[in-house]
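# Remarks on the overall topology
Letter by letter, the chains look like this.
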Amino acid sequence: MKVLNFINGEWKESSSKQFAPVINPATGDAIGEVTVSIEADVGAAVKAAKAAQKKWALVPAPKRAEVLYKVGYLLKERKEQLARMLTMEMGKVIEEARGEVQEGIDMAFYMAGEGRRLFGDTTPSELKDKFAMSVRAPVGVVGIITPWNFPIAIATWKSFPAIVAGNAVVWKPALETPFMAQELAKIFEEAGLPKGVFNVVNGDGPTTGNALVEHPDVRVISFTGSNEVGRKIAEKCGRSLKKVSLEMGGKNAVIVMDDADLSLAVEGILWSAFGTSGQRCTACSRIIAHENIKKELENRLLEAMRTLTIGNGLDENVKVGPVINEKALQKIDRYVQIGKEEGAKLLTGGYILQEGEYNKGYYYAPTLFTDVMPNMRIAREEIFGPVASIIPVKSLEEAIEVNNSVDYGLSSSIFTRDVNKVFTAMRDLDTGIVYVNAGTTGAEIHLPFGGTKGTGNGHRDSGVAALDVFTEWKSIYIDFSGKLQRAQIDIDE
């Protein structure tokens, strides 16, 4: 399959004439190639988006929403096809891939509903015969940069609210996962979205992504990816006073108290730590365990981890798929070696799978450390792989302190039967998402998604909060008194 750019309703090869291979991480085989864009391609996409946005903004929001309803139905019709394609290009198991496509379906219908809301405020004026209100206005051209780990869900979190609000989109997906971008563009086209409102430019971060960030006609950048890249984007956007929304990962923890349901905790940890092979920004990479149940929790986790089947995600029986590529494989293994050098105790895993069916793909054995100290690198830095560390604590207060001690603040979880501990944790855990008696992953699309500290810059994907990224507030005053009235001055005493 050859994947091209989608600019102004047309499929176009990059002016670079260069292509990059698309690799199935389960097999190591090339399953297609994708055009690699340069600055000129980004410029063409932004020009098309800018022209289209002026007309799109004049379409009534409920009519704009009708396109998203059609997109939702088309995603629903093609759910299985898209899920299988997603697994082939990214590697996650088919069950998870279906769930990811479902997120896109849910987001389409949810954001379509906003077409009849997009609420502002009406408020009394302080002056006679005067009306005051605020409305949401579109920003203009929106640049979206997304990662490979959720190649369709994250794109829908960003593009759907942007489009229903009256903006036009230029999207740079990850080079590793262009198939989902191509399919979403086809669906928008079939749903009747006007040409130029949704554009896709494939390419790398330093060239294509940078051109999108620096283009003067792009008014908003919405980015999901690494903290390092996000900081650079924020700096560049800051110099031009460009609006920027960042979601940059996490170092998420599950707290297990000594009164917890350990069977439930193990189930939640397994899903959070090893689902998507640990390649989630919400993945559980720290298990903060009360010392009274630490040993039993270790034993139960080891027993449960032995049941994890590893392999090609298209196999319905597989629970853990490959990681995305060789570079990721080596990074994960480097962190495991760092953990050993720091003095953490390796309970299981800790090696690259290379024998037999694993000799061509990119597989890492699910890995569990224990006796990890909070200041160790494996307890502080994002590994982005199937590696979890058990950190012992003596109390809830210590557990919360350890949870909050890292630079990130995306997701956290606590397992306990004590309602007082629950409410204390809900109040004191410094993360944008808190789970009680569940793992650290599994966000729902009608609530804000994002975090504190190094995870982001205060904006949120998903839910109504996403509209704040893609709209500007406009305050409107209508004076029907027939005379000049001056606020704060012409007020009767």
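Below is a summary of the structure that appears in this document. Keep in mind that this is a model prediction, so the values were computed, not measured.

### Regarding the environment of Glu214
Inspection of the secondary structure assignment puts Glu214 in helix H7 (residues 205-214). In this structure, the C-alpha to C-alpha distance between Glu214 and Lys242, residues 28 residues apart in sequence, is 9.3 Å. Those residues within four positions of Glu214 in sequence are excluded, and the remaining contacts are Lys236 and Lys242.

### What about helix H5 (residues 153-164)?
For H5, with 12 residues, the first-to-last C-alpha span of 17 Å sits near the 16 Å given by 1.5 Å per residue. Counted residue by residue, H5 has 12 buried out of 12 residues, so it is predominantly covered. Trailing H5 by a residue or two, Gly166 shows a phi angle of about 100°, which is positive.

### Details of the layout of surface pockets
What the largest pocket holds in volume is close to 1400 Å³. Put simply, the parts of the chain that give the lining of the largest pocket at least two residues each are H7, strand E11 (218-224), helix H8 (227-239) and helix H11 (326-342). Approximately 420 Å³ is the volume attributed to the second largest pocket. Glu103, Phe150, Thr441, Gly442 and Ala443 are, among the 21 residues lining the second largest pocket, the residues nearest its centre.

### Some thoughts on empty space enclosed by the protein
On inspection of all chains with the given rule, the structure shows 2 cavities of 30 Å³ or more. Of the pockets and cavities examined, the largest cavity occupies roughly 80 Å³. Along the wall of the largest cavity there are 14 residues; nearest its centre are Gly278, Ala283, Ser285, Glu382 and Phe384. Counted by class, the lining of the largest cavity contains 6 nonpolar, 5 polar and 3 charged residues. Taken as a whole, the second largest cavity encloses approximately 30 Å³ of empty space. If you trace the second largest cavity, you find it lined by Lys158, Phe223, Ser245, Leu246, Glu247, Phe449, Gly450, His459, Arg460 and Asp461.

### Here's the deal with the side chain of Asp41
You can see Asp41 is positioned in helix H1 (residues 39-56). Although Asp41 is buried, it forms no salt bridge, and the closest oppositely charged side chain is Lys12 at an N-O distance of 8.3 Å. At 2.7 Å, the side chain of Asp41 and the side chain of Ser14 are in polar contact. A polar contact is formed between the side chain of Asp41 and the backbone nitrogen of Ser15, at a distance of 3.1 Å. Here Asp41 is in contact with Asn5, Ile7, Ser14, Ser15, Ser16 and Val201, once residues within four sequence places are set aside.

### Here we look at the pattern of salt bridges
Across all of its chains, the model carries 25 salt bridges by this definition. For Glu33, the salt bridge is made with Lys2, and the minimal N-O distance between the two is 3.7 Å. Of this pair, Glu33 sits in strand E5 (residues 30-35) while Lys2 is found in strand E1 (residues 2-3), placing the two residues 31 residues apart along the sequence. Look at Glu33 and you get partly exposed, because its relative accessible area is 31%. Here Glu298 ties to Lys295 by a salt bridge, and the two come within 3.8 Å at their closest N and O atoms. With Glu298 and Lys295 both in helix H10 (residues 294-305), this residue pair falls 3 residues apart, about one helical turn. Given a relative accessible area of 3%, Glu298 falls into the buried group. Three or more residues are tied together by salt bridges with common partners; here these are Glu80, Arg84, Arg98 and Glu316.

### Remarks on the side chain of Lys242
As for its placement among the helices and strands, Lys242 is situated in the loop between H8 and strand E12 (243-247). Summary of buried charges: Lys242 has no salt-bridge partner, and the nearest side chain of opposite charge, Glu214, is 8.4 Å away. Within polar-contact distance, the side chain of Lys242 engages the backbone oxygen of His215 at 2.7 Å. The contacts of Lys242, once residues within four sequence positions are left out, are Leu212, Val213, Glu214, His215, Val218, Arg219, Val220, Ile221 and Cys237.

### Details of the pairing of strand E4 (residues 19-23)
When E4 meets E5, the two strands line up antiparallel, connected through 5 bridges. From the neighbouring strand, Ala20 faces E5, where its bridge partner is Val34. The turn linking E4 back onto E5 is made up of 6 residues, and Gly28 within it adopts a positive phi angle of 80°.

### Focus on the sheet that holds E5
Here we have 3 strands laid out as an open sheet, ordered E1-E5-E4, and mixed in their pairing. Single-partner strands in this sheet number two, and they are E1 and E4.

### Some points on the pairing of strand E13 (residues 252-256)
For E13, the tally of buried residues reaches 5 of 5 residues, placing the bulk of the element in the interior. Alternating residues of E13 divide into Asn252, Val254 and Val256 and Ala253 and Ile255, and every residue in both groups is buried. Of the pairings in the sheet, the one linking E13 to strand E14 (residues 284-290) comprises 5 bridges and is parallel in character. Within E14, the position partnered with Ile255 by the bridge is Ile288. On the question of chirality, the crossover connecting E13 to the parallel E14 by way of helix H9 (residues 262-274) is right-handed.

### Digging into the nonpolar core
Within the largest apolar cluster, 103 residues are counted, with the highest numbers of intra-cluster contacts made by Phe160, Trp171, Phe188 and Phe198. Considering each element in turn, this core owes the most residues, 9 residues, to helix H4 (residues 94-113). Beyond its immediate stretch of four places on either side in the chain, Trp171 contacts Ile144, Thr146, Pro151, Ala155, Ala181, Leu184, Phe198, Asn199, Val200 and Val201. Phe274, Cys284, Ile287 and Tyr363 belong to the second-largest nonpolar core, a separate cluster that totals 31 residues.

### Concerning the sheet that holds strand E6 (residues 121-124)
Taking strand neighbours across the sheet as the criterion, the 3 strands line up as E6-E7-E24 in an open arrangement whose pairing is antiparallel. Since the sheet does not close on itself, it has two edges, and those belong to E6 and strand E24 (471-479), each with one partner. Put simply, the sheet's adjacent strands are angled 20° from each other on average, direction ignored. Two strands pair when backbone bridges link them, and E6 and strand E7 (residues 130-138) are joined in this way by 4 bridges, in the antiparallel orientation.

Cut-off values and rules
- Residues numbered from 1 in each chain as written.
- Predicted model: local features only at pLDDT ≥ 70, side-chain atom pairs only at ≥ 80, totals over all residues.
- Heavy atoms only, no water.
- Helix = DSSP H or I, 4+ residues; strand = E, 2+ residues; numbered from the N terminus.
- Contact = heavy atoms within 4.5 Å.
- Expected span 1.5 Å × (residues − 1).
- Buried < 20%, exposed > 50% of the residue type's maximum accessible area, 1.4 Å probe, protein only.
- 1 Å grid on protein atoms, 1.4 Å probe; cavity = no way out; pocket = protein on both sides within 12 Å on 5 of 7 lines; lining within 4 Å.
- Points joined across faces, edges and corners; volume = space filled by probe spheres on them.
- Nonpolar A, V, L, I, M, F, W, Y, C, P; charged D, E, K, R; others polar.
- Lys, Arg positive; Asp, Glu negative; His and termini not counted.
- Salt bridge = Lys/Arg side-chain N within 4 Å of Asp/Glu carboxyl O.
- Polar contact = N/O pair within 3.5 Å; in protein donor to acceptor, adjacent residues only side chain to side chain.
- Pairing = 2+ DSSP bridges.
- Right-handed = clockwise from strand over helix to strand, strands pointing away.
- Core = buried A, V, L, I, M, F, W, Y, C linked by side-chain atoms within 4.5 Å.
- Axes fitted to C-alpha atoms, helices over the stretch in contact; angles between N-to-C directions.

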